[in-house]
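Observations on the three-dimensional arrangement
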Amino acid sequence: MPRPAGNTRLKAARLAAGFGSQQALADALGVGVRQVRRWESENPPSPQPDQAQALTRELGQDLDSLGFSSSNTAQPGRGRRSVLAATAAVVGLAAVPTTAITMQPATVATDFLAVTRSHRRLYWSVAPATLHPAAQAHGSLGCALLTETAGQTRRAVAAALAESYLLAGRIEFFDMRDADRARNTLLLALQAAGEADDPLLGAAVLAHTAFIPAWDGERDKAAERMVAARTYARRGAPSAELLAWLDAVEAECETRCGNARTALHLIGHAEDTFAAGSEQQSPDWLDWFSPVRLAAFKGNTQLKAGHLPQARETLLGVLDSLDPSEEKQATVVLGDLAAVEAAAGHLDEACRYALRALDQLERTWYAMGMDRVREVRRTLAPHQHEQCVRELDDRLYGWSTTVSALSR
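Just so we're clear, the structure is a prediction, and the values are computed from it rather than from any experiment.

1. Some details on the overall build of the protein chain
What the protein chain contains, in helices and strands, is 20 helices and 0 strands. Long-range pairs, those at least 24 residues apart, make up 66% of the contacts in the protein chain with a sequence separation of at least 6. With an accessible surface of roughly 18,800 Å², the protein chain has 51% of that area assigned to carbon and sulfur atoms.

As structure tokens, then:
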């Protein structure tokens, strides 16, 4: 006599959510494995309300879809899922259906994350205009996968999706200088981080959103977003590096808003945080920050504060310490060194550093680096008839540089 198939709906949902055994699901739910066996039997008993809520949360489907009768069982997941669906509709993410039509295997999360990581590494060498469409297309794929995964697998896909949209938002703001587009993309990243329930990713996204109002001098808006970012970081287990980066971001925002003294205090706190260290490891996606990058923030702030000798010393140290692969950051540092020398009245040195930045920009485009060079050129306007400034203009408005800038 054939053995009864049991509750195949629950078993299929369990496997699709990445729980390869009944014991694994039992551990996630905080129940005994015997209870899971009973639920996967031919005539499964109805879960208790708290167990039902845990099941729908972990497996991403309502109880009807998990093989339990709706006539005598509450549906605790419906309210939350309807809220998520409404939020998704507002910001553009695919809404999560109550019943998934096709469920992907658990391996889909690993595969999706592998591409996300590749894009993250490619950012440092591939032209932004080339990488951006790929990152956006990958984000669209992730939205589709959210409708076909559940439980642990779904959270892993959502986390990778948040990383992808964060990368796309960084490209839009720092490389393409499109703040409006970056604002929308970072909102998608924040929602995906929420679907993953990853507070550290949420903190990173929120801190990036603070740059947008800060660049317009809107200090209160930037400060409010930094408060939110720090709140999210506290909910997780932040590393010293992440906490120091939050200080550096806030320092950059304060510098942009004309508060260099406050910014220097924040950078000092970040240096102390780095020195103290922590037992927590930094997330893999935090690849844009280091003690050298913090020093670059410091040099720029010293420049804005008018501390020219200190800024020169700090920035020269950064330039010597940068890894050869950090070409984008090099253009910013060279631009800041040019600004230091221009402010000190050393025209030849200012132009020399600006020309070095342009050399680097021809190899690796970075809008922030070009912004630095243009800022220096504006300060040199009273000296535009000097030979060194004319040579800078020849390069700044040469065919290759002009076409490169307009094509990004």
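Now that the structure has been shown, the text picks up again.
2. Let's talk about the packing of helix α14 (residues 291-304) against helix α15 (residues 308-321)
The geometry of a pair of packed helices is captured by two quantities: the angle between their axes and the separation between those axes. Where α14 contacts α15, the axes come no closer than 8 Å and their chain directions differ by 155 degrees. Viewed along their axes, α14 and α15 adopt a mutual orientation that is roughly antiparallel. The handedness of the crossing between α14 and α15 comes out as left-handed. Note on element contacts: α15 touches α14 through Leu-308, Gln-310, Ala-311, Thr-314, Leu-315, Val-318 and Ser-321, opposite Val-292, Ala-295, Ala-296, Lys-298, Gly-299, Asn-300, Gln-302 and Leu-303. Partitioning the contact of α14 with α15 into residue classes produces 8 nonpolar, 6 polar and 1 charged.

3. Regarding the environment of Leu-246
Locating Leu-246 in the fold gives a position in helix α12 (residues 240-256). Note on Leu-246: relative accessible area 0%, which makes it buried. Measuring from C-alpha to C-alpha, the distance between Leu-246 and Leu-266 comes to 9.3 Å, with 20 residues separating the pair along the chain. What Leu-246 contacts, discounting residues up to four positions off in sequence, is Ala-203, Ala-207, Met-226, Ala-229, Arg-230 and Ala-233.

4. Some thoughts on the packing of aromatic side chains
In total, this model carries 11 aromatic pairs according to the counting rule given. Between Phe-173 and Phe-211, the ring centres sit 6.4 Å apart and the planes meet at 20 degrees, which makes this aromatic pair stacked. Pair noted here: Phe-173 is in helix α8 (residues 151-175) and Phe-211 is in helix α10 (residues 199-215), with a separation of 38 residues, a long-range link. Given a relative accessible area of 5%, Phe-173 falls into the buried group. Overall, the relative accessible area of 5% leaves Phe-211 in the buried class. Between Phe-173 and Trp-215, the ring centres sit 5.3 Å apart and the planes meet at 80 degrees, which makes this aromatic pair edge-to-face. Placement of the pair is Phe-173 in helix α8 and Trp-215 in helix α10, with a sequence separation of 42 residues. Connected via pairs of aromatic rings, a cluster forms that spans Phe-173, Phe-174, Phe-211 and Trp-215. Above the ring of Tyr-353, the side-chain terminus of Arg-352 is found at 4.8 Å from the ring centroid.

5. Describing helix α2 (residues 22-29)
Three or more residues of α2 are buried, namely Leu-25, Ala-26 and Leu-29. Take α2 and look down its axis: the buried residues cluster within an arc of 100 degrees, on one side only. Contacts from the buried residues of α2 go to α1 (8-16), α3 (33-39) and α4 (49-59). Gly-30 sits one or two positions beyond α2 and adopts a positive phi of about 75 degrees.

6. Quick word on the layout of surface pockets
Empty space within the second largest pocket amounts to approximately 170 Å³. Elements supplying a minimum of two residues to the lining of the second largest pocket: α14, α16 (327-343) and α18 (367-379). The greatest single-element share of the lining of the second largest pocket, amounting to 5 residues, is contributed by α16. By residue class, the composition of the lining of the second largest pocket is 5 nonpolar, 2 polar and 4 charged.

7. Side note on the pattern of salt bridges
Under the criterion given, the structure shown has 23 salt bridges. In this structure, Glu-40 and Arg-14 form a salt bridge, with 2.6 Å as the shortest nitrogen-oxygen distance. On the criterion of sequence distance, the pair formed by Glu-40 in the loop between α3 and α4 and Arg-14 in helix α1 is long-range, its members being 26 residues apart. As far as the burial class goes, Glu-40 and Arg-14 line up, both buried.

Calculation notes
Residues numbered from 1 in each chain as written. Predicted model: local features only at pLDDT ≥ 70, side-chain atom pairs only at ≥ 80, totals over all residues. Heavy atoms only, no water. Helix = DSSP H or I, 4+ residues; strand = E, 2+ residues; numbered from the N terminus. Contact = heavy atoms within 4.5 Å. Areas by Shrake-Rupley, 256 points an atom, 1.4 Å probe, with all protein chains shown as cover. Axes fitted to C-alpha atoms, helices over the stretch in contact; angles between N-to-C directions. Parallel < 35°, antiparallel > 145°, perpendicular 65-115°, else oblique. Left-handed = near helix turned anticlockwise from the far one by under 90°. Nonpolar A, V, L, I, M, F, W, Y, C, P; charged D, E, K, R; others polar. Buried < 20%, exposed > 50% of the residue type's maximum accessible area, 1.4 Å probe, protein only. Phe/Tyr/Trp six-rings, centres within 6.5 Å; stacked < 30°, edge-to-face > 60°. Lys NZ or Arg CZ within 6 Å of the ring centre and 35° of its normal. Arc of directions from axis to C-beta. 1 Å grid on protein atoms, 1.4 Å probe; cavity = no way out; pocket = protein on both sides within 12 Å on 5 of 7 lines; lining within 4 Å. Points joined across faces, edges and corners; volume = space filled by probe spheres on them. Salt bridge = Lys/Arg side-chain N within 4 Å of Asp/Glu carboxyl O.

Function cannot be read off these values alone, since they describe shape.
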